[in-house]
Each structure stands twice: as C-alpha cells, then as structure tokens.
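Results of the structural survey
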Amino acid sequence: MILLITGGSGSGKSEYAERRVQESGLPVCYYLATMEVWGQEEQKKVERHRRLRSGKGFRTLEIPRHLEQAKIGTEPSRTAILLECMTNLAANELFGSEQDWEKMSKPQQKQLRLEAEERIMEGIRFLERQCALLVIVTGQVGQDGGDYDAGTRSYIRLLGEINCRIAAMAEETVEVVVGIPCILSGKEVDGT
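Everything numeric here is computed off the predicted structure, so don't read it as measured data. (Residues numbered from 1 in each chain as written. Predicted model: local features only at pLDDT ≥ 70, side-chain atom pairs only at ≥ 80, totals over all residues. Heavy atoms only, no water.)

Here we look at the overall build of the chain
The line we're drawing: Strands are runs of DSSP state E lasting at least 2 residues, helices are runs of H or I lasting at least 4, and numbering of each runs from the N terminus. All radius of gyration figures rest on C-alpha atoms, and the globule criterion is 2.2 Å times the number of residues raised to 0.38. Burial classes: relative accessible area under 20% of the type maximum marks a residue as buried, over 50% as exposed, and values in between as partly exposed (1.4 Å probe, protein chains only). Any pair of residues with heavy atoms lying within 4.5 Å of one another is described as a contacting pair. All accessible-area figures derive from a Shrake-Rupley calculation using a 1.4 Å probe, and residue coverage is judged against the displayed protein chains alone. Here Asp and Glu are counted as negative and Lys and Arg as positive; His is not counted, and neither are the chain ends. Note that the charge is assigned to NZ on lysines, CZ on arginines, CG on aspartates and CD on glutamates.
Along the backbone of the chain there are six helices and seven strands. Mapped in sequence order, the helices and strands of the chain form the string β-α-β-α-β-β-α-α-β-α-β-β-α. Taken over C-alpha atoms, the radius of gyration comes to 16 Å for the chain, in line with the 16 Å a tight globule of 192 residues would show. By its C-alpha atoms, the chain is 50 × 35 × 30 Å across when sized along the principal axes. Relative to its 192 residues, the chain shows a buried fraction of 44%. Considering only contacts in the chain between residues 6 or more positions apart, those separated by 24 or more positions represent 78%. In the form shown here, the chain has an accessible surface area of approximately 10,200 Å², with 48% of it arising from carbon and sulfur atoms. For the chain, the separation between the mean place of its 25 positive charges and that of its 29 negative charges on side chains is 3 Å.

Here it is, written out as structure tokens:
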C-alpha cells in the first residue's frame, strides 16, 4: 500500500507520516532520508528530524538519490518504509548532473527532467515491492506564481508530475494543513 502525504513547509506532514507508520503495527520500519547536507541549515534540519524520531524504532537509511540502491532486505509483509521527502529527492535527481540549466536548450532540459522522473518512479516501484506500507512525504512548491529560472521551472514541473503519478498509485492521499490531516483520497473519502 502507498500512502502519499503532502503539505506546505512546516505543516506537520513529517510528524503525521511517522505516526501513520507507527500505527501500522508493522514490526520493521525504515526511514529513507533523502536530504543532502550542503550547509548548516540542512544539518540543523537533519538533526531536528533525528531527534523527533529518536526512540521510535526506525532504521534510517540516507538515500539522496537512486532509491533502487536502498538495502531493505527484510520480509516485505513485515516492513514499512517512510520516504522523507520527495521534494529533496526530486531536486537531487534533477540537479545531480550539475548542468548549467540556463545554457541548455529546452529539449535538453526536458530530456533531463523526463529521465529524472523515470528514475524516481522506478525507485518508487522498487520500494513498493519491498514493503507492506510505503509512506511518501512530498511538498507543494511553485504555487506562489513566481517567475523562476529554467532549472527551478523544471524542478517544479518534475515534482508536480511525480506527485500526480504517485497519487494515482496511492491507496490514500492526505494533505496536512497546520498540523491537521485532510484526507484527499482513500477509503475514508470513498466510503470503502
């Protein structure tokens, strides 16, 4: 089962995701952390998340890109995986090539975005086969209508496409707003 959790920055989506994994009752819980630490701000965020999940029984794997390289190795029927966070993973996969987006042609930009999207979706399918519950945390970016450079526009498009594809696969989709989970799709909404 895939559970997709979205929300704005600081909305409480990570805490909600952890709670849903713990409530699953599955005995083996992995936390796949996707943030690459480039400076003090990222390091502080990583340390905060580690403190928040301390003592909750998660096995943490640092996977900034290439989800298919995650070493799960436990019985899928006994395993839950929390992927935190798609916003970081999408940026890592898209910009890992360190291309100068302003100098690339539009077809080149599109090709890199499509390749990143397929790598991510292949990784999601890989993880889905490794567990009974896959909880994916993502974010909402680009809703401010700002005028962005080519790389940022490609990132916003990539994240939007991935979020839509995962939502189509998910048995439940939840948006967390100011700490309140709002069921967007799933059994509570559908009545099943």
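Considerations on the packing of helix H4 (residues 106-129) against helix H5 (residues 150-169)
What counts, and what does not: Axes here refer to lines fitted to C-alpha atoms; in helices the fit is confined to the stretch in contact. Angles between the N-to-C directions go from 0 to 180 degrees. By the definition adopted for this analysis, an angle is roughly parallel if under 35 degrees, roughly antiparallel if over 145, roughly perpendicular if from 65 to 115, and oblique otherwise. Less than a right angle of anticlockwise turn of the near helix away from the far helix marks a crossing as left-handed, whereas a clockwise turn marks it as right-handed.
Interhelical geometry of H4 versus H5 gives an angle of 30° and a closest axis separation of 10 Å. Taken as axis vectors, H4 and H5 run roughly parallel relative to one another. As H4 packs across H5, the resulting crossing turns out to be right-handed. Where H4 approaches H5, its residues Gln109, Arg113, Ala116, Glu117, Glu118, Ile120, Met121, Ile124, Arg125 and Glu128 are matched on the opposing element by Ala150, Ser154, Arg157, Leu158, Glu161, Ile162, Arg165, Ile166 and Met169.

Topic: the nonpolar core
For the record, the criterion: Buried Ala, Val, Leu, Ile, Met, Phe, Trp, Tyr and Cys residues that are joined via side-chain atoms within 4.5 Å together make up what is termed a nonpolar core.
Counting 33 residues, the largest nonpolar core has Leu32, Met86, Ile124, Ile136 and Ile166 as its most contacted members. When contributions to this core are tallied by element, the ones reaching two or more residues are strand E1 (2-7), strand E2 (28-33), strand E4 (79-84), helix H3 (86-95), H4, strand E5 (133-137) and H5. Residue contributions to this core peak at seven residues, all from H4. Core analysis: the second largest hydrophobic core is formed by 18 residues, Tyr16, Ala80, Val137 and Val174 among them.

Here's the deal with the packing of aromatic side chains
In plain terms, the rule: Note on aromatic contacts: the rings of Phe and Tyr and the six-membered ring of Trp form a pair at centre separations within 6.5 Å, being stacked when their planes are under 30 degrees apart, edge-to-face when over 60 apart, and tilted otherwise.
Summed over all chains, the structure comprises two aromatic pairs. On the basis of an interplanar angle of 80° and a centroid distance of 5.8 Å, the ring pair of Tyr31 and Phe58 is categorised as edge-to-face. One end of the pair, Tyr31, is in strand E2; the other, Phe58, is in strand E3 (residues 58-62), with 27 residues separating them in the sequence. Classification of Tyr31 by relative accessible area gives buried; the value is 2%. Residue Phe58 is classed as buried on the basis of its relative accessible area, which comes to 14%. Here the aromatic rings of Phe95 and Tyr155 are separated by 6.4 Å at their centres, their planes lie at 35°, and the arrangement is tilted. With Phe95 in helix H3 and Tyr155 in helix H5, this pair connects stretches of sequence that are 60 residues apart. Relative accessible area serves as the criterion here: at 31%, Phe95 is assigned to the partly exposed category.

Digging into the UniProt feature "active site" (unreviewed entry) in the chain
Stated formally: UniProt positions are given in the numbering used here, feature names are shortened, and annotations may be inferred rather than shown by experiment.
Those places that UniProt annotates as "active site" (unreviewed entry) correspond, in this numbering, to His49. Here His49 lies in helix H2 (residues 40-53).

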